[in-house]
Amino acid sequence: QVVLTPTPRWPDLLVVHDPVNRLLFSSKLFAAHVAPPEGLDEGGWEAFGDDWRYYFECMLAPSARQVWWALGWWGTSPPSSSASLPVCMLLPMHGPGVSSALTQLLQEYRGWVDEQIKAAATSCAAVFYASAYGNTAALAQAISRGITRGGVAVETINLELASLGEVTEAIGRSQGFVLGDPTLGGHMPTQVSVAMGAILREPTAKTMPCGVFGSFGWSGEAVDEMEGRLRDSGFGFAFDSIRVKFKPTAKDLLLCEESGRALAQSIKKKLKVRELAAVPGGGPQLAMGRVVGSLSVLTAKDEDASSAMLASWISQASFDPPGVTVAVKKDRAIEKLLVVGGKFCVSTVAEGREKPIMKALTRPFSPGEDRLAGLETTPSPQLGVPVLSSANSFLECAVVTRMEAGDHYVVYAQVLDGKVLDENANTAVHHRKVGNHY
Ligand SMILES: Cc1cc2nc3c(=O)[nH]c(=O)nc-3n(C[C@H](O)[C@H](O)[C@H](O)COP(=O)(O)O)c2cc1C
(Lines give C-alpha, C1' and ligand atoms only; values in the text may rest on other atoms or scores of the structure.)
Protein backbone atom coordinates (compact mmCIF):
# COMPACT_ATOMS: atom_id res chain seq x y z
CA GLN A 1 0.00 0.00 0.00
CA VAL A 2 1.33 3.37 -0.99
CA VAL A 3 -0.05 6.38 0.84
CA LEU A 4 0.58 10.06 0.22
CA THR A 5 1.33 11.77 3.55
CA PRO A 6 2.06 15.33 2.43
CA THR A 7 3.62 17.95 4.67
CA PRO A 8 4.18 21.62 3.74
CA ARG A 9 7.90 20.87 3.38
CA TRP A 10 7.49 17.59 1.48
CA PRO A 11 4.20 17.74 -0.43
CA ASP A 12 5.08 14.51 -2.24
CA LEU A 13 5.98 12.44 0.83
CA LEU A 14 5.10 8.80 0.20
CA VAL A 15 4.86 6.11 2.85
CA VAL A 16 4.76 2.46 1.80
CA HIS A 17 3.27 -0.32 3.95
CA ASP A 18 4.08 -3.98 3.40
CA PRO A 19 1.36 -5.72 5.47
CA VAL A 20 2.72 -9.24 4.81
CA ASN A 21 6.10 -8.56 6.39
CA ARG A 22 4.72 -5.74 8.60
CA LEU A 23 7.25 -3.26 7.28
CA LEU A 24 6.65 0.47 7.02
CA PHE A 25 8.89 2.36 4.59
CA SER A 26 8.28 5.60 6.40
CA SER A 27 10.25 8.09 4.27
CA LYS A 28 11.01 11.16 6.44
CA LEU A 29 8.88 9.98 9.37
CA PHE A 30 10.94 8.34 12.15
CA ALA A 31 14.16 9.34 10.36
CA ALA A 32 17.41 10.54 11.97
CA HIS A 33 20.45 12.45 10.76
CA VAL A 34 22.80 9.62 11.75
CA ALA A 35 23.12 6.28 9.96
CA PRO A 36 24.83 3.47 11.90
CA PRO A 37 26.93 1.02 9.84
CA GLU A 38 24.82 -1.91 11.16
CA GLY A 39 21.72 -0.38 9.57
CA LEU A 40 19.38 -1.13 12.48
CA ASP A 41 18.78 0.62 15.80
CA GLU A 42 21.05 -1.61 17.87
CA GLY A 43 21.37 0.02 21.27
CA GLY A 44 17.73 1.13 21.03
CA TRP A 45 16.42 4.30 22.58
CA GLU A 46 19.58 4.98 24.56
CA ALA A 47 21.68 5.04 21.40
CA PHE A 48 19.33 6.95 19.07
CA GLY A 49 16.66 8.68 21.20
CA ASP A 50 18.38 12.06 21.01
CA ASP A 51 18.89 11.82 17.24
CA TRP A 52 15.27 10.92 16.56
CA ARG A 53 14.12 13.78 18.72
CA TYR A 54 16.55 16.22 17.07
CA TYR A 55 15.37 15.20 13.60
CA PHE A 56 11.72 15.53 14.63
CA GLU A 57 12.31 19.02 16.00
CA CYS A 58 14.18 20.21 12.92
CA MET A 59 12.11 18.62 10.20
CA LEU A 60 8.73 17.43 11.44
CA ALA A 61 7.66 19.63 14.36
CA PRO A 62 6.53 22.31 11.87
CA SER A 63 4.23 19.69 10.30
CA ALA A 64 2.89 18.21 13.55
CA ARG A 65 -0.70 18.01 12.28
CA GLN A 66 0.30 16.00 9.24
CA VAL A 67 2.45 13.66 11.37
CA TRP A 68 -0.49 13.23 13.75
CA TRP A 69 -2.64 12.24 10.80
CA ALA A 70 -0.01 9.80 9.50
CA LEU A 71 0.38 8.14 12.92
CA GLY A 72 -3.37 7.65 13.10
CA TRP A 73 -3.57 6.32 9.57
CA TRP A 74 -1.09 3.54 10.25
CA GLY A 75 -2.92 2.52 13.39
CA THR A 76 0.30 3.16 15.23
CA SER A 77 -1.16 5.28 17.97
CA PRO A 78 -1.54 4.71 20.74
CA PRO A 79 0.60 1.55 20.59
CA SER A 80 0.00 -0.80 23.51
CA SER A 81 2.68 -3.30 22.52
CA SER A 82 4.72 -3.89 19.39
CA ALA A 83 2.94 -7.24 18.87
CA SER A 84 -0.38 -5.46 18.30
CA LEU A 85 1.09 -3.02 15.78
CA PRO A 86 0.52 -3.35 12.04
CA VAL A 87 4.29 -2.94 11.66
CA CYS A 88 7.28 -4.70 13.20
CA MET A 89 9.91 -2.49 11.62
CA LEU A 90 10.10 1.11 10.46
CA LEU A 91 12.43 1.75 7.54
CA PRO A 92 12.92 5.50 7.13
CA MET A 93 14.76 7.11 4.24
CA HIS A 94 17.75 7.89 6.44
CA GLY A 95 18.84 6.97 9.93
CA PRO A 96 18.58 3.48 11.43
CA GLY A 97 15.83 0.97 10.69
CA VAL A 98 13.69 0.94 13.83
CA SER A 99 13.12 -2.43 15.43
CA SER A 100 14.22 -2.66 19.06
CA ALA A 101 13.00 0.85 19.98
CA LEU A 102 9.83 0.59 17.86
CA THR A 103 7.21 0.86 20.61
CA GLN A 104 9.04 3.61 22.46
CA LEU A 105 9.70 5.67 19.32
CA LEU A 106 6.02 5.53 18.35
CA GLN A 107 5.01 6.51 21.87
CA GLU A 108 7.51 9.37 21.94
CA TYR A 109 6.38 10.59 18.49
CA ARG A 110 2.84 10.72 19.76
CA GLY A 111 4.01 12.74 22.80
CA TRP A 112 6.08 15.17 20.68
CA VAL A 113 3.24 15.66 18.21
CA ASP A 114 0.72 16.26 21.01
CA GLU A 115 3.14 18.75 22.61
CA GLN A 116 3.35 20.68 19.32
CA ILE A 117 -0.37 20.68 18.69
CA LYS A 118 -1.00 21.82 22.28
CA ALA A 119 1.58 24.61 21.89
CA ALA A 120 -0.05 25.64 18.59
CA ALA A 121 -3.38 26.12 20.37
CA THR A 122 -1.87 28.92 22.45
CA SER A 123 0.93 30.32 20.30
CA CYS A 124 2.28 29.75 16.81
CA ALA A 125 4.84 31.32 14.49
CA ALA A 126 5.14 30.99 10.72
CA VAL A 127 8.52 30.67 9.01
CA PHE A 128 8.21 31.47 5.28
CA TYR A 129 11.20 30.85 3.06
CA ALA A 130 12.44 30.17 -0.44
CA SER A 131 15.76 28.52 -1.21
CA ALA A 132 17.32 27.54 -4.52
CA TYR A 133 20.31 25.54 -3.19
CA GLY A 134 19.33 24.68 0.38
CA ASN A 135 21.35 27.33 2.25
CA THR A 136 18.38 29.50 3.25
CA ALA A 137 16.39 26.30 3.93
CA ALA A 138 19.04 25.28 6.51
CA LEU A 139 18.66 28.68 8.20
CA ALA A 140 14.85 28.27 8.17
CA GLN A 141 15.15 24.90 9.89
CA ALA A 142 17.45 26.24 12.62
CA ILE A 143 15.14 29.22 13.26
CA SER A 144 12.15 26.84 13.38
CA ARG A 145 13.91 24.63 15.93
CA GLY A 146 14.69 27.70 18.06
CA ILE A 147 11.02 28.71 18.00
CA THR A 148 9.93 25.19 18.97
CA ARG A 149 12.56 25.08 21.74
CA GLY A 150 11.25 28.43 22.94
CA GLY A 151 7.86 26.79 23.58
CA VAL A 152 5.97 28.16 20.58
CA ALA A 153 4.63 25.95 17.79
CA VAL A 154 5.94 26.62 14.32
CA GLU A 155 4.74 26.21 10.74
CA THR A 156 7.58 26.23 8.23
CA ILE A 157 6.36 27.05 4.74
CA ASN A 158 8.31 26.74 1.52
CA LEU A 159 7.06 29.64 -0.61
CA GLU A 160 8.01 27.87 -3.82
CA LEU A 161 5.29 25.31 -3.06
CA ALA A 162 2.67 27.24 -1.09
CA SER A 163 -0.26 29.16 -2.56
CA LEU A 164 -1.04 32.73 -1.51
CA GLY A 165 -4.11 31.39 0.28
CA GLU A 166 -1.88 29.12 2.39
CA VAL A 167 0.34 32.09 3.25
CA THR A 168 -2.56 34.23 4.49
CA GLU A 169 -4.10 31.27 6.35
CA ALA A 170 -0.79 30.60 8.11
CA ILE A 171 -0.52 34.28 9.09
CA GLY A 172 -4.07 34.07 10.41
CA ARG A 173 -3.04 31.21 12.73
CA SER A 174 0.19 32.90 13.89
CA GLN A 175 1.27 35.47 16.43
CA GLY A 176 4.67 36.08 14.83
CA PHE A 177 6.45 35.37 11.54
CA VAL A 178 9.85 35.14 9.89
CA LEU A 179 10.70 35.60 6.21
CA GLY A 180 13.80 34.22 4.50
CA ASP A 181 15.20 34.10 0.99
CA PRO A 182 18.44 34.06 -0.98
CA THR A 183 19.61 36.96 -3.12
CA LEU A 184 19.31 35.96 -6.76
CA GLY A 185 20.19 38.46 -9.49
CA GLY A 186 20.35 41.28 -6.96
CA HIS A 187 16.79 40.75 -5.68
CA MET A 188 14.50 38.58 -3.65
CA PRO A 189 12.77 35.81 -5.62
CA THR A 190 9.33 36.73 -7.03
CA GLN A 191 7.43 34.22 -4.83
CA VAL A 192 8.81 35.90 -1.72
CA SER A 193 7.99 39.37 -2.99
CA VAL A 194 4.41 38.30 -3.75
CA ALA A 195 4.00 36.52 -0.39
CA MET A 196 5.37 39.57 1.35
CA GLY A 197 2.78 41.75 -0.34
CA ALA A 198 0.06 39.42 0.98
CA ILE A 199 1.52 39.56 4.51
CA LEU A 200 1.75 43.36 4.39
CA ARG A 201 -1.93 43.53 3.46
CA GLU A 202 -2.98 41.40 6.48
CA PRO A 203 -4.14 43.84 9.18
CA THR A 204 -3.34 41.40 12.03
CA ALA A 205 0.24 40.86 10.83
CA LYS A 206 1.38 44.38 11.70
CA THR A 207 1.04 43.76 15.42
CA MET A 208 3.23 40.64 15.25
CA PRO A 209 6.94 40.41 16.09
CA CYS A 210 8.88 39.36 13.00
CA GLY A 211 12.35 38.76 11.59
CA VAL A 212 14.15 38.27 8.26
CA PHE A 213 17.05 36.10 7.15
CA GLY A 214 18.76 34.87 4.03
CA SER A 215 21.84 33.45 2.37
CA PHE A 216 23.69 35.42 -0.29
CA GLY A 217 26.84 35.21 -2.41
CA TRP A 218 28.29 38.70 -2.74
CA SER A 219 25.82 41.60 -2.62
CA GLY A 220 22.94 40.27 -0.47
CA GLU A 221 20.21 42.78 -1.38
CA ALA A 222 17.28 40.44 -0.60
CA VAL A 223 17.49 40.68 3.19
CA ASP A 224 17.88 44.48 3.01
CA GLU A 225 14.83 44.66 0.75
CA MET A 226 12.68 42.54 3.07
CA GLU A 227 13.87 44.40 6.15
CA GLY A 228 13.28 47.79 4.48
CA ARG A 229 9.75 46.96 3.35
CA LEU A 230 8.74 45.62 6.76
CA ARG A 231 10.37 48.51 8.63
CA ASP A 232 8.73 51.11 6.35
CA SER A 233 5.37 49.47 7.03
CA GLY A 234 5.86 49.77 10.79
CA PHE A 235 6.64 46.15 11.72
CA GLY A 236 8.60 45.39 14.90
CA PHE A 237 11.61 43.03 14.73
CA ALA A 238 12.23 40.36 17.37
CA PHE A 239 15.88 39.91 16.32
CA ASP A 240 18.51 41.53 14.10
CA SER A 241 18.29 40.48 10.45
CA ILE A 242 20.43 37.44 9.65
CA ARG A 243 22.71 37.55 6.60
CA VAL A 244 24.83 34.49 5.83
CA LYS A 245 27.38 34.19 3.04
CA PHE A 246 26.67 30.98 1.07
CA LYS A 247 26.55 27.86 3.31
CA PRO A 248 25.81 28.49 7.01
CA THR A 249 28.46 27.49 9.56
CA ALA A 250 27.78 26.05 13.04
CA LYS A 251 27.94 29.62 14.40
CA ASP A 252 25.35 30.85 11.90
CA LEU A 253 23.00 28.00 12.80
CA LEU A 254 23.40 28.71 16.52
CA LEU A 255 22.58 32.38 15.82
CA CYS A 256 19.45 31.24 13.95
CA GLU A 257 18.36 29.04 16.87
CA GLU A 258 18.90 31.88 19.32
CA SER A 259 16.95 34.22 17.04
CA GLY A 260 14.09 31.69 16.86
CA ARG A 261 14.05 31.58 20.66
CA ALA A 262 14.01 35.40 20.76
CA LEU A 263 10.94 35.42 18.49
CA ALA A 264 9.25 32.80 20.71
CA GLN A 265 9.96 34.96 23.76
CA SER A 266 8.49 38.06 22.09
CA ILE A 267 5.36 36.11 21.20
CA LYS A 268 5.01 34.72 24.72
CA LYS A 269 5.61 38.15 26.21
CA LYS A 270 2.86 39.61 24.05
CA LEU A 271 0.52 36.79 24.96
CA LYS A 272 1.60 37.16 28.59
CA VAL A 273 2.51 33.47 28.91
CA ARG A 274 4.12 33.01 32.31
CA GLU A 275 7.53 31.34 32.20
CA LEU A 276 7.83 30.27 35.83
CA ALA A 277 5.37 28.55 38.07
CA ALA A 278 4.28 30.58 41.08
CA VAL A 279 6.21 29.80 44.24
CA PRO A 280 4.15 27.33 46.22
CA GLY A 281 3.88 28.25 49.89
CA GLY A 282 6.25 25.75 51.49
CA GLY A 283 6.65 22.04 50.99
CA PRO A 284 8.93 20.36 48.48
CA GLN A 285 9.95 23.56 46.65
CA LEU A 286 11.34 25.05 49.85
CA ALA A 287 13.04 21.78 50.77
CA MET A 288 14.60 21.57 47.29
CA GLY A 289 16.03 25.03 47.85
CA ARG A 290 18.25 23.47 50.51
CA VAL A 291 19.94 21.26 47.90
CA VAL A 292 23.11 23.15 47.04
CA GLY A 293 25.57 22.99 44.15
CA SER A 294 28.94 24.53 43.43
CA LEU A 295 28.93 27.62 41.25
CA SER A 296 30.49 26.99 37.84
CA VAL A 297 30.66 28.38 34.35
CA LEU A 298 29.98 25.93 31.55
CA THR A 299 31.53 26.78 28.19
CA ALA A 300 30.99 24.78 25.00
CA LYS A 301 32.31 24.95 21.46
CA ASP A 302 31.55 23.27 18.14
CA GLU A 303 33.53 24.41 15.10
CA ASP A 304 33.04 28.21 15.05
CA ALA A 305 30.00 28.15 17.39
CA SER A 306 30.41 28.71 21.12
CA SER A 307 28.28 29.54 24.12
CA ALA A 308 28.48 29.80 27.90
CA MET A 309 26.20 29.64 30.90
CA LEU A 310 26.32 29.92 34.65
CA ALA A 311 25.65 26.49 36.18
CA SER A 312 25.17 25.19 39.68
CA TRP A 313 23.39 21.94 38.85
CA ILE A 314 26.65 20.11 38.20
CA SER A 315 27.65 17.01 40.10
CA GLN A 316 30.28 14.28 40.06
CA ALA A 317 28.62 11.12 38.78
CA SER A 318 31.32 8.47 38.33
CA PHE A 319 34.80 7.54 39.66
CA ASP A 320 35.95 5.36 36.81
CA PRO A 321 35.91 6.69 34.19
CA PRO A 322 35.64 10.09 35.87
CA GLY A 323 32.27 11.57 34.98
CA VAL A 324 29.97 14.47 35.79
CA THR A 325 26.31 15.30 35.20
CA VAL A 326 24.99 18.72 34.25
CA ALA A 327 21.31 19.71 34.16
CA VAL A 328 20.57 22.09 31.27
CA LYS A 329 17.20 23.74 30.71
CA LYS A 330 15.70 22.57 27.44
CA ASP A 331 15.10 26.08 26.10
CA ARG A 332 18.72 27.19 26.62
CA ALA A 333 20.76 27.95 23.49
CA ILE A 334 23.82 26.06 24.77
CA GLU A 335 21.75 22.85 24.77
CA LYS A 336 22.43 22.52 21.03
CA LEU A 337 26.16 22.11 21.78
CA LEU A 338 25.59 19.54 24.55
CA VAL A 339 24.42 16.65 22.40
CA VAL A 340 26.18 13.26 22.49
CA GLY A 341 29.81 13.78 21.42
CA GLY A 342 29.68 17.50 22.29
CA LYS A 343 32.66 18.99 24.12
CA PHE A 344 32.56 21.45 27.00
CA CYS A 345 34.53 22.84 29.92
CA VAL A 346 33.47 23.46 33.50
CA SER A 347 35.27 26.32 35.27
CA THR A 348 34.56 26.20 39.02
CA VAL A 349 34.13 29.68 40.46
CA ALA A 350 36.39 30.57 43.39
CA GLU A 351 34.81 31.82 46.61
CA GLY A 352 34.96 35.62 46.72
CA ARG A 353 35.26 35.95 42.93
CA GLU A 354 31.58 35.29 42.13
CA LYS A 355 30.31 38.85 41.69
CA PRO A 356 31.68 39.92 38.28
CA ILE A 357 30.97 36.46 36.86
CA MET A 358 27.37 36.42 38.12
CA LYS A 359 26.88 39.96 36.80
CA ALA A 360 28.27 39.12 33.37
CA LEU A 361 26.30 35.91 32.91
CA THR A 362 22.91 36.59 34.49
CA ARG A 363 21.90 39.50 32.22
CA PRO A 364 19.73 38.89 29.13
CA PHE A 365 21.65 38.23 25.90
CA SER A 366 20.59 39.07 22.38
CA PRO A 367 21.05 36.38 19.69
CA GLY A 368 24.69 35.89 18.71
CA GLU A 369 26.03 38.04 21.55
CA ASP A 370 29.37 36.97 23.09
CA ARG A 371 28.39 35.72 26.54
CA LEU A 372 31.96 35.81 27.83
CA ALA A 373 32.58 39.45 26.83
CA GLY A 374 34.33 41.24 29.69
CA LEU A 375 35.50 37.99 31.35
CA GLU A 376 39.12 36.91 31.02
CA THR A 377 39.49 33.42 29.55
CA THR A 378 42.17 31.11 28.15
CA PRO A 379 41.64 28.17 25.78
CA SER A 380 41.67 24.76 27.52
CA PRO A 381 44.68 22.60 26.56
CA GLN A 382 42.91 19.65 24.87
CA LEU A 383 39.67 21.09 23.52
CA GLY A 384 40.49 24.77 23.05
CA VAL A 385 37.25 25.66 24.87
CA PRO A 386 37.44 28.91 26.92
CA VAL A 387 38.24 28.49 30.63
CA LEU A 388 37.75 31.35 33.11
CA SER A 389 41.13 32.71 34.18
CA SER A 390 39.75 33.44 37.67
CA ALA A 391 38.47 29.84 38.16
CA ASN A 392 39.98 27.72 40.92
CA SER A 393 39.80 24.62 38.68
CA PHE A 394 38.55 23.44 35.32
CA LEU A 395 37.42 20.19 33.70
CA GLU A 396 37.40 19.27 30.02
CA CYS A 397 34.46 16.99 29.24
CA ALA A 398 32.83 15.02 26.41
CA VAL A 399 29.09 14.25 26.43
CA VAL A 400 28.42 10.49 26.62
CA THR A 401 24.65 10.48 26.96
CA ARG A 402 21.78 12.68 28.04
CA MET A 403 18.31 12.01 29.32
CA GLU A 404 15.13 14.04 29.45
CA ALA A 405 14.32 15.20 32.97
CA GLY A 406 11.19 17.36 32.97
CA ASP A 407 12.10 20.82 31.68
CA HIS A 408 15.85 19.99 31.73
CA TYR A 409 18.23 17.57 30.07
CA VAL A 410 20.57 15.71 32.39
CA VAL A 411 23.82 15.47 30.46
CA TYR A 412 26.34 12.81 31.51
CA ALA A 413 29.89 13.55 30.38
CA GLN A 414 33.23 11.87 30.75
CA VAL A 415 36.00 14.04 32.15
CA LEU A 416 38.88 14.05 29.66
CA ASP A 417 41.23 16.26 31.63
CA GLY A 418 41.26 18.87 34.35
CA LYS A 419 43.47 20.99 36.54
CA VAL A 420 43.39 22.88 39.83
CA LEU A 421 44.32 26.50 39.08
CA ASP A 422 44.28 27.88 42.61
CA GLU A 423 45.13 25.49 45.47
CA ASN A 424 44.11 28.00 48.12
CA ALA A 425 40.67 28.99 46.86
CA ASN A 426 37.50 27.15 47.90
CA THR A 427 34.73 26.71 45.36
CA ALA A 428 31.78 29.09 45.72
CA VAL A 429 28.52 27.41 46.76
CA HIS A 430 25.24 28.61 45.30
CA HIS A 431 22.63 28.96 48.08
CA ARG A 432 18.92 29.40 47.32
CA LYS A 433 15.79 29.87 49.37
CA VAL A 434 13.44 27.98 47.10
CA GLY A 435 13.83 25.24 44.50
CA ASN A 436 11.86 26.65 41.56
CA HIS A 437 14.69 28.78 40.21
CA TYR A 438 18.47 28.47 40.04
C1 LIG B 1 21.68 32.69 -10.71
C2 LIG B 1 22.23 33.18 -9.42
C3 LIG B 1 22.22 34.53 -9.14
C4 LIG B 1 22.73 35.02 -7.94
N5 LIG B 1 22.72 36.35 -7.70
C6 LIG B 1 23.24 36.84 -6.56
C7 LIG B 1 23.27 38.25 -6.30
O8 LIG B 1 22.85 39.07 -7.09
N9 LIG B 1 23.80 38.67 -5.14
C10 LIG B 1 24.28 37.81 -4.21
O11 LIG B 1 24.71 38.26 -3.15
N12 LIG B 1 24.28 36.47 -4.42
C13 LIG B 1 23.78 35.97 -5.57
N14 LIG B 1 23.78 34.62 -5.80
C15 LIG B 1 24.33 33.71 -4.77
C16 LIG B 1 23.23 33.11 -3.89
O17 LIG B 1 22.54 34.11 -3.19
C18 LIG B 1 23.88 32.13 -2.89
O19 LIG B 1 24.36 31.02 -3.63
C20 LIG B 1 22.96 31.67 -1.78
O21 LIG B 1 23.73 30.89 -0.86
C22 LIG B 1 21.82 30.82 -2.29
O23 LIG B 1 20.99 30.49 -1.21
P24 LIG B 1 19.98 29.25 -1.27
O25 LIG B 1 20.82 28.01 -1.14
O26 LIG B 1 19.07 29.43 -0.12
O27 LIG B 1 19.29 29.32 -2.59
C28 LIG B 1 23.28 34.13 -7.00
C29 LIG B 1 23.30 32.76 -7.30
C30 LIG B 1 22.80 32.29 -8.49
C31 LIG B 1 22.86 30.83 -8.78
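Residues numbered from 1 in each chain as written. Predicted model: local features only at pLDDT ≥ 70, side-chain atom pairs only at ≥ 80, totals over all residues. Heavy atoms only, no water.

Another point: the environment of Pro189. Following the sequence through the fold, Pro189 ends up in the loop between strand S7 (176–180) and helix H6 (190–201). Its relative accessible area of 14% is what places Pro189 among the buried residues. Distance in space between the C-alpha atoms of Pro189 and Glu351 is 57 Å, their sequence separation being 162 residues. With residues near it in sequence (within four places) discarded, Pro189 still touches Asp181, Pro182 and Leu184. (Helix = DSSP H or I, 4+ residues; strand = E, 2+ residues; numbered from the N terminus. Buried < 20%, exposed > 50% of the residue type's maximum accessible area, 1.4 Å probe, protein only. Contact = heavy atoms within 4.5 Å.)

Pairing in this open sheet of four strands is mixed, and the strands run S1-S2-S3-S4 from one edge to the other. Edge positions in the open sheet fall to strand S1 (2–4) and strand S4 (89–92), since each of these has one partner strand only. Going from strand to strand, the sheet's axes swing by 20 degrees on average, the running direction of each strand aside. Taken together, the three bridges between S1 and strand S2 (residues 14–18) define a ladder with antiparallel strand orientation. Bridging from a neighbouring strand, Val2 pairs with Val16 of S2. (Pairing = 2+ DSSP bridges. Axes fitted to C-alpha atoms, helices over the stretch in contact; angles between N-to-C directions.)

Scanning the model with the defined rule gives 23 salt bridges in all. In this structure, Arg243 engages Asp224 in a salt bridge whose closest nitrogen and oxygen atoms are separated by 2.7 Å. Here the residue Arg243 occupies a position in strand S10 (residues 242–245), and Asp224 occupies one in helix H7 (residues 221–232), the gap between them amounting to 19 residues. A relative accessible area of 39% means that Arg243 is categorised as partly exposed. Asp224 sits in the partly exposed class, given a relative accessible area of 40%. (Salt bridge = Lys/Arg side-chain N within 4 Å of Asp/Glu carboxyl O.)

Near the ligand lie 18 residues; those nearest to it are Ala132, Thr136, Thr183, Gly186 and Ser215. Residue Gly217 places a main-chain N or O atom 2.9 Å away from a nitrogen atom belonging to the ligand. When the ligand is considered free in solution it has 630 Å² of accessible area, and contact with the protein chains removes 81% of it. At the level of elements, helix H4 (135–149) and strand S8 (209–216) are the ones that each hand at least two residues to the shell around the ligand. The residue makeup of the shell around the ligand, split by class, is seven nonpolar, eleven polar and no charged. (Near = heavy atom within 4 Å. Polar contact = N/O pair within 3.5 Å; in protein donor to acceptor, adjacent residues only side chain to side chain. Areas by Shrake-Rupley, 256 points an atom, 1.4 Å probe, with all protein chains shown as cover. Nonpolar A, V, L, I, M, F, W, Y, C, P; charged D, E, K, R; others polar.)

Looking now at the packing of aromatic side chains. Taken as a whole and assessed by the stated rule, the structure comprises nine aromatic pairs. An angle of 45 degrees between the planes, with centres 4.5 Å apart, marks the rings of Phe30 and Tyr109 as tilted. In this pair, Phe30 sits in the loop between strand S3 (23–27) and helix H1 (44–60) while Tyr109 sits in helix H3 (residues 102–122), placing the two residues 79 residues apart along the sequence. You can call Tyr109 buried: its relative accessible area is 0%. Aromatic pair Phe56 and Trp112: ring centres 5.3 Å apart, planes at 45 degrees, arrangement tilted. Here Trp112 lies in helix H3 and Phe56 lies in helix H1, a separation of 56 residues in the sequence. Both residues of the pair, Phe56 and Trp112, belong to the buried class. Among the aromatic residues, ring-to-ring pairing joins Phe30, Trp45, Phe48, Trp52, Phe56, Tyr109 and Trp112 into one connected group. A cation over a ring is seen here: Lys330 above Tyr409, with NZ or CZ 5.5 Å from the ring centre. Of note, Arg402 hangs over the ring of Tyr409, and the distance from its end group to the ring centre comes to 3.7 Å. (Phe/Tyr/Trp six-rings, centres within 6.5 Å; stacked < 30°, edge-to-face > 60°. Lys NZ or Arg CZ within 6 Å of the ring centre and 35° of its normal.)

Our focus in this paragraph is the domain arrangement of the protein. Note on interface size: it is often stated as the accessible area lost on association of the parts. Structurally, the protein comprises domain 1 (2–118), domain 2 (123–271) and domain 3 (285–430). Once you take the C-alpha centre of each, domain 1 and domain 3 turn out to be 34 Å apart. Residue-level contacts link four residues of domain 1 with five residues of domain 3. Buried surface at the junction of domain 1 and domain 3, both sides included, amounts to about 440 Å², of which 30% is carbon and sulfur. Among the residues of domain 1 in contact with domain 3, Asp50, Arg53 and Tyr54 are the three that bury the most area, contributing 84% of the side total. On the surface where domain 1 and domain 3 come into contact, there are two salt bridges. (Domains from an automatic or database assignment. Buried area = accessible area lost by both parts, 1.4 Å probe.)

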